[in-house]
Structures are given as C-alpha cells and as structure tokens.
Amino acid sequence: MGSTTSELPSQRTPLTAAAETGLKIVVVGGFGVGKTTLVRSVSEIRPLNTEEVMTQAGAGIDETAGVERKTTTTVAFDFGRISLNDRMVLYLFGAPGQERFWFLWDRLFAGTLGAVVLVDTRRMEDCWYAIDRLEHHGTPFVVAVNRFDGDEKRFSLDEVRQALALGEHVPMIECDARVRASGKEVLIALVDHLYTRALAKESTA
Amino acid sequence: MRKPVDLGDPDRLYMVTGGRSEADASLDLVTLIVSECEPSPGMQSEHVRILELCRHPTAVVEIAAELKLPITVVRILLGDLCALGKVSARHPRAAASVAGLPETALLQEVLHGLHNL
Ligand SMILES: Nc1nc2c(ncn2[C@@H]2O[C@H](COP(=O)(O)OP(=O)(O)OP(=O)(O)O)[C@@H](O)[C@H]2O)c(=O)[nH]1
Ligand SMILES: [Mg+2]
C-alpha cells in the first residue's frame, strides 16, 4: 500500500452486490493533527480525496457594478471505507476543522452517526472551534488525543478535559493514529457512546 | 459573465452538467449507486464512467473522487441518470432506522463490525 502509483479504480476492492446502507463518521481536528493518518490506518481502501464547492455571497458590494460579489470556495476532504458486513459500509471522513468548512457541514455530513475530534495537546486551541460547532449542530462526539513523540508535556486526559472545558459526558481516549488497533479503539469508543445514548433515549421513549 | 455552475473550472463543469446548477439533494455522500444498464454509444464520457464504476454499488463520494469532480457536479450527473432509470440509488438509513431497525440495533451491528476489524 502507498507505494503503488496506479490510480485505476480496479485497484480498489468494490463493495459486494448486497451493500445497501452507507453510514458516516467524521474525524475533525486542526491541521496536521493526524486525521488522514487515522482514516488510513482503519480503512480498507487507500484514502481518497475529493472536494466540494460553495458559492457564497461576498462580504463586500462591488462598487462599480453595484451587485453583490460572490466568492467560490473549495473545500477538500479525504475519506476511507470499512465494510462492516455484507450490507453495511461505514465511510470515514477526515475534515479540516476550519471555519469555512462548517458552511458545508449540513450538505456533506447531515445524518452522520457522530464525530471524532482529534487533538494534538501541543495545539489544543486548534480544536475549540470544531467542538463548539459540533455542540451547536447537536452531533455526538468523542475526543481522541493523538499522542505525538515530540510531546514532552503529555497532558493527562483530565488536564485536556479541563483545558477544553469538556463535560463529563464526553468520552475521551488516547490514541496513536498510525496504529490500526488504536484507530479501531477510537471508533469503538465513539459507537459505544452513541449506543449508550440511543439506549437511554429508547428507554425514555 | 457568470455561469450557472460557478465552480473551479467553469467551462469544463458547464459542459459536464449542461449548464445546470440544481444538484439532487436527496443524494447523500454515502448513498450507494448501482448501474441498471451498460453504457451506450454516444453517451457523455462522465455517464460512461459512472455506469462502469457502479456495476458494483459505489457511494456518491467515491464516484466524485474517481471522476475528480466536485460533489455538487456529481449529484447533478447522478440525478440525470436516476431520472432516466440508468442507475438506482440505495439511500442511507433514514434518520433513526434502517429497515425498521431501532437505533440501538443498528449501532450494535456497527459495533460488531468494528470489533471484527
Ligand atoms: N508521532 C506521531 N506522528 C503522527 C501521528 N499521527 C500522525 N502523525 C504524523 O503527523 C503528520 C500529519 O498527519 P496527517 O494524518 O497528515 O494529519 P492531517 O490532520 O490529515 O493533516 P491535514 O489534512 O494537513 O490537516 C504526518 O506526518 C503523520 O505521519 C501519531 O499518532 N504519532
Ligand atoms: Mg489530511
């Protein structure tokens, strides 16, 4: 993997004919925090890259023409895939947490099961915005602290929870995004969390 | 001049979509698309690519990545093919259920799949 230069679709294993249900989980976090690495470590395909475009009314008014200026923004994101069984396939999206991306959240990620917020403790502030937006959208999430070798302080999970002002209900987990077993644990932590929430909802319904 | 599809490479995308900008909003990123026929002579090349790719179920987002086109443009193309009956769409779970499964049962299946990774 990785060394092949061929981009033929035949390099990818297709889904089985019975595949019928696509599911999504989104990995968000600051630049270089390990989103693509995490997606790659658990994906059955080499992560693919794609983009969406957005046309937005610009801030300024075009003075000569007197018409509102529009700007076109392109946001790129990558994704991987996990076949859960013959019928269900989970897509994992690595999404940059920056501001312009959130304009497209509903168009791209409506109906997502939940999100993983990936944190580098040397740059914790990079994920504040993402956490704020997820809470705003009501998207359930877990926080995964990606441990980098050069991180001397190694804040504990409790310290990170405090720094991010995370409520007790938000699960936290340490990971090494490069390691498949570790990435898998992160996804399981998220889905466990979703399951607990769903169970609580069903029992009160 | 503004083109109806105001995107990265306007001319190419204008051609690809026939100048329309209304994407089919019912097509989710993870809607699985399946070909219902083989490409026929004279079809536009993007349609041919899609029909070839979707001999096996293929998610909208994978089609976009393969064709190297923005999601919006792919939704437009797929909307056309759907309307012509040339492809069919397997939509993702509705808000809370798949085939009547409660949310917890769905999540249990997901967990099971992940544990087996
Ligand atoms: N030591 C260590 N390095 C990591 C870890 N995760 C990622 N890296 C490295 O960090 C760099 C950035 O990782 P990416 O996965 O590209 O990060 P990203 O969040 O996708 O980055 P952008 O898409 O550019 O925002 C790469 O060189 C990875 O090899 C980790 O857990 N430990
Ligand atoms: Mg990346």
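The name given to chain A in an unreviewed UniProt entry is ATP/GTP-binding protein, with Streptomyces argyrophylli as the source organism. Listed under Sequence similarities (unreviewed entry) in UniProt, the entry text for chain A is "Belongs to the GPN-loop GTPase family."

**A look at the pairing of strand S1 (residues 21-29) of chain A**
Residues and elements named next belong to chain A. For S1, a buried count of 9 out of 9 residues is recorded, marking the element as mostly surrounded by other parts of the structure. With burial as the criterion, each face of S1 is covered, one bearing Thr21, Leu23, Ile25, Val27 and Gly29 and the other bearing Gly22, Lys24, Val26 and Val28. Relative to strand S4 (residues 88-96), S1 runs parallel, the two sharing 9 bridges. When the bridges of S4 are listed, Val28 appears paired with Ala95. Strand direction decides the pairing type here: S1 and strand S5 (residues 114-119), joined by 4 bridges, are parallel. Counted as the bridge partner of Val27 is Val116 from S5.

**Some thoughts on helix H3 (residues 60-67) of chain B**
Counting buried residues along H3(B), 8 of its 8 residues qualify, which places the element largely inside the surrounding structure. Turning to H3(B), its buried residues are Val60(B), Val61(B), Glu62(B), Ile63(B), Ala64(B), Ala65(B), Glu66(B) and Leu67(B).

**Examining the sheet that holds strand S2 (residues 58-59) of chain B**
Pairing in this open sheet of 3 strands is antiparallel, and the strands run S2-S1-S3 (chain B) from one edge to the other. In the strand order of this sheet, the two ends are held by S2 and strand S3 (87-90) of chain B, each with one partner.

**Quick notes on the site of ligand 1**
All names here are of chain A. Neighbouring residues of ligand 1: 15 residues in total, closest Gly34, Lys35, Thr36, Thr37 and Asn146. Between an oxygen atom of ligand 1 and a side-chain N or O atom of Asp176, the distance comes to 3.0 Å. Its free accessible area being 650 Å², ligand 1 has 66% of it covered by the protein chains. Broken down by element, the residue count for the shell around ligand 1 peaks at 3 residues, all from helix H1 (residues 35-42).

**Here we look at the packing of helix H6 (residues 180-204) of chain A against helix H5 (residues 103-115) of chain B**
Where H6(A) meets H5(B), the closest approach of the two axes is 9 Å, and the angle between their N-to-C directions is 165°. The angle between H6(A) and H5(B) places the two elements in the roughly antiparallel class. Handedness of the H6(A)/H5(B) crossing: left-handed. For the pair H6(A) and H5(B), the contacting residues are Lys184(A), Leu187(A), Ile188(A), Val191(A), Asp192(A), Leu194(A), Tyr195(A), Ala198(A), Leu199(A) and Glu202(A) in the first and Glu103(B), Thr104(B), Leu107(B), Gln108(B), Val110(B), Leu111(B), Leu114(B) and His115(B) in the second. Looking at side-chain class alone, the contact of H6(A) with H5(B) contains 11 nonpolar, 3 polar and 4 charged residues.

**Examining the nonpolar core**
Grouped together as the largest cluster of nonpolar side chains are 63 residues, with contacts concentrated most on Tyr91(A), Phe93(A) and Val143(A). Core analysis: the next-biggest nonpolar cluster, separate from the first, contains 34 residues, Val39(A), Ile82(A), Val116(A) and Cys175(A) among them.

**Structural notes on the side chain of His47(B)**
Along the chain, His47(B) falls in helix H2 (residues 45-53). Those residues in contact with His47(B) that lie beyond four places of it in its chain are Leu77(B), Asp80(B) and Leu81(B).

About the cut-offs
Residues numbered from 1 in each chain as written. Chains lettered and ligands numbered in written order. Predicted model: local features only at pLDDT ≥ 70, side-chain atom pairs only at ≥ 80, totals over all residues. Heavy atoms only, no water. UniProt positions renumbered as here; feature names shortened; annotations may be inferred. Buried < 20%, exposed > 50% of the residue type's maximum accessible area, 1.4 Å probe, protein only. Helix = DSSP H or I, 4+ residues; strand = E, 2+ residues; numbered from the N terminus. Pairing = 2+ DSSP bridges. Near = heavy atom within 4 Å. Polar contact = N/O pair within 3.5 Å; in protein donor to acceptor, adjacent residues only side chain to side chain. Areas by Shrake-Rupley, 256 points an atom, 1.4 Å probe, with all protein chains shown as cover. Axes fitted to C-alpha atoms, helices over the stretch in contact; angles between N-to-C directions. Parallel < 35°, antiparallel > 145°, perpendicular 65-115°, else oblique. Left-handed = near helix turned anticlockwise from the far one by under 90°. Contact = heavy atoms within 4.5 Å. Nonpolar A, V, L, I, M, F, W, Y, C, P; charged D, E, K, R; others polar. Core = buried A, V, L, I, M, F, W, Y, C linked by side-chain atoms within 4.5 Å.

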